[in-house]
Amino acid sequence: GLAVGMGVGQALLLLLAACAVMPAKDPLLNICMDAKHHKTKPGPEGMLHDQCAPWKDNACCTANTSSEAHKDQSNLYNFNWNHCGLMPPKCKRHFIQDTCLYECSPNLGPWIDQADSSWRRERILHVPLCKEDCEEWWEDCKDYVTCKENWHKGWNWATGTNRCPWGSMCRPFSHVFPRPKDLCEKIWSNSYKYTTEHRGSGRCIQMWFDPAQGNPNVVVAKYYAWKKRSSPAWMEDVTPETDKAVCALPWPVLVLLPLALVVLPEAAGGCGSHGWGSL
């Protein structure tokens, strides 16, 4: 009898191990937002243009979107970087990188929010940007000029591209955005949040990264998804339908589970309370 019990126990242990390795799909991880140019789900792209290339292994953008992101007068949003004279290349590369992150990253799920605009149903809000990414952006752009603090809205679009609104003056970037925090948080109406977290800390999103080292934002998204799920507000939002057993084991296994736990006490806890064995 014991030998049979041990056999069953081992079979269940294997299933438990499989369950720990394959947690249920997290709705906040590896997803694309529902916006103007995004793919419905992320996947490899082969060739992404220039600064968008770091995302090529798993991207929410297409190759076409990635090349448009680099143009001065891109078809993506008809947005003109040079609204107050020519934006210097060292500054513009940060805006291109910002566009690539927004269009291509599959790791922004924890910060996707409902949007109230005609051209997208979802946006990002308060993405914690690494200190270096924000400060280098500001440093490289501080000598440029602009006429607006929030570039999301309030432009004069009469000519089909954004012009400075009537009565606004072109002023140095460092007047419009006195600190890096002002630039990162205000320019896209709080899409980003300035943080004092450093690149590589696993606690902030990097706009700039070397794909040869892997994408550092994967682990950041996991951390914040876990944090969000652990918060009381999130728990109240979860409907019974979505709150199914995290480890989707077949029912006979669930019936036999108590037996396995009796036969092999060390099998207990194999699943982890969130099925986060892969972390």
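Residues numbered from 1 in each chain as written. Predicted model: local features only at pLDDT ≥ 70, side-chain atom pairs only at ≥ 80, totals over all residues. Heavy atoms only, no water.

- In the annotation of an unreviewed UniProt entry, the protein is listed under the name Folate receptor alpha and assigned to Cathartes aura.
- Recorded in UniProt under Sequence similarities (unreviewed entry), the annotation for the protein is "Belongs to the folate receptor family." (UniProt positions renumbered as here; feature names shortened; annotations may be inferred.)

Concerning the side chain of S191
At step 1: Considering the arrangement of structural elements, one finds S191 in the loop between α6 (180-186) and β6 (192-194).
At step 2: Within polar-contact distance, the side chain of S191 engages the backbone oxygen of W188 at 3.0 Å.
At step 3: Among residues more than four places away in sequence, those in contact with S191 are R123, I124, L125, H126, V127 and H152. (Helix = DSSP H or I, 4+ residues; strand = E, 2+ residues; numbered from the N terminus. Polar contact = N/O pair within 3.5 Å; in protein donor to acceptor, adjacent residues only side chain to side chain. Contact = heavy atoms within 4.5 Å.)

Overview of unusual backbone geometry
At step 1: Its identity is not glycine, yet S189 carries a phi of approximately 40 degrees, on the positive side.
At step 2: Tracing the chain through its elements places S189 in the loop between α6 and β6.
At step 3: Overall, the relative accessible area of 15% leaves S189 in the buried class.
At step 4: For N190, which is not a glycine, the phi torsion comes out positive at approximately 65 degrees. (Buried < 20%, exposed > 50% of the residue type's maximum accessible area, 1.4 Å probe, protein only.)

Quick word on the state of the cysteines
At step 1: Taken as a whole, this structure holds eight disulfides when the rule is applied.
At step 2: The disulfide partner of C32 is C60, and the gap between their sulfur atoms is 2.1 Å. Looking down the S-S bond of the C32 and C60 bridge, the torsion is -90 degrees, so its handedness is left-handed. Of this pair, C32 sits in the loop between α1 (2-21) and α2 (63-68) while C60 sits in the loop between α1 and α2, and the two are 28 residues apart along the sequence. (Disulfide = S-S within 2.5 Å.)

A closer look at the packing of aromatic side chains
At step 1: Applying the stated rule across the entire model yields 18 aromatic pairs.
At step 2: On the basis of an interplanar angle of 10 degrees and a centroid distance of 5.1 Å, the ring pair of F95 and W151 is categorised as stacked. Taken together, the residues F95 in helix α3 (residues 89-104) and W151 in the loop between β4 (145-146) and β5 (171-172) connect sequence positions 56 residues apart.
At step 3: Note on F95: relative accessible area 0%, which makes it buried.
At step 4: Over the aromatic face of W155 sits the side chain of K148, whose NZ or CZ is 5.6 Å from the ring centroid.
At step 5: The cationic tip of R203 hangs over the ring face of Y223; the distance from NZ or CZ to the ring centre is 3.6 Å. (Phe/Tyr/Trp six-rings, centres within 6.5 Å; stacked < 30°, edge-to-face > 60°. Lys NZ or Arg CZ within 6 Å of the ring centre and 35° of its normal.)

Some details on the side chain of N162
At step 1: Of note, N162 is situated in the loop between β4 and β5.
At step 2: A distance of 2.5 Å separates a polar atom in the side chain of N162 from the backbone nitrogen of N80.
At step 3: At 3.4 Å, the side chain of N162 and the side chain of T161 are in polar contact.
At step 4: Once residues within four sequence positions are removed from consideration, N162 is found in contact with N78, F79, N80, H83, W155, N156 and W157.

Overview of helix α7 (residues 217-230)
At step 1: Between its first and last C-alpha, α7 extends 20 Å over 14 residues, near the 20 Å set by a 1.5 Å rise per residue.
At step 2: Turning to α7, its buried residues are N217, V220, A221, Y224, A225 and R229. The buried residues of α7 all sit within an arc of 160 degrees when viewed along its axis, so they share a single face. (Expected span 1.5 Å × (residues − 1). Arc of directions from axis to C-beta.)

What to know about the nonpolar core
At step 1: Counting 49 residues, the largest nonpolar core has F95, W137, W151, F173, I187, W188 and Y192 as its most contacted members.
At step 2: Among the secondary structure elements, those contributing two or more residues to this core are α3, β3 (127-129), α4 (131-141), α5 (173-176), α6, β6 and α7.
At step 3: For this core, the leading source of residues is α3, giving seven residues.
At step 4: In contact with F95, other than residues within four places in its own chain, are W81, M87, W137, C141, W151, F173, I187 and W188. (Core = buried A, V, L, I, M, F, W, Y, C linked by side-chain atoms within 4.5 Å.)

Brief notes about α3
At step 1: The first and last C-alpha atoms of α3 sit 21 Å apart over 16 residues, in line with the 22 Å expected at 1.5 Å per residue.
At step 2: Of all 16 residues making up α3, 13 are buried, and the element is well covered by its neighbours.

With respect to the environment of E139
At step 1: For E139, the position within the fold is in helix α4.
At step 2: Between the C-alpha atom of E139 and that of C91, which follows or precedes it by 48 residues, the distance is 8.4 Å.
At step 3: Of note is the side chain of E139, whose polar atom sits 2.6 Å from the side chain of K142.

Focus on the environment of P89
At step 1: Along the chain, the position of P89 falls in helix α3.
At step 2: Considering only alpha carbons, one finds P89 and C141, 52 residues apart in sequence, at a separation of 9.4 Å.

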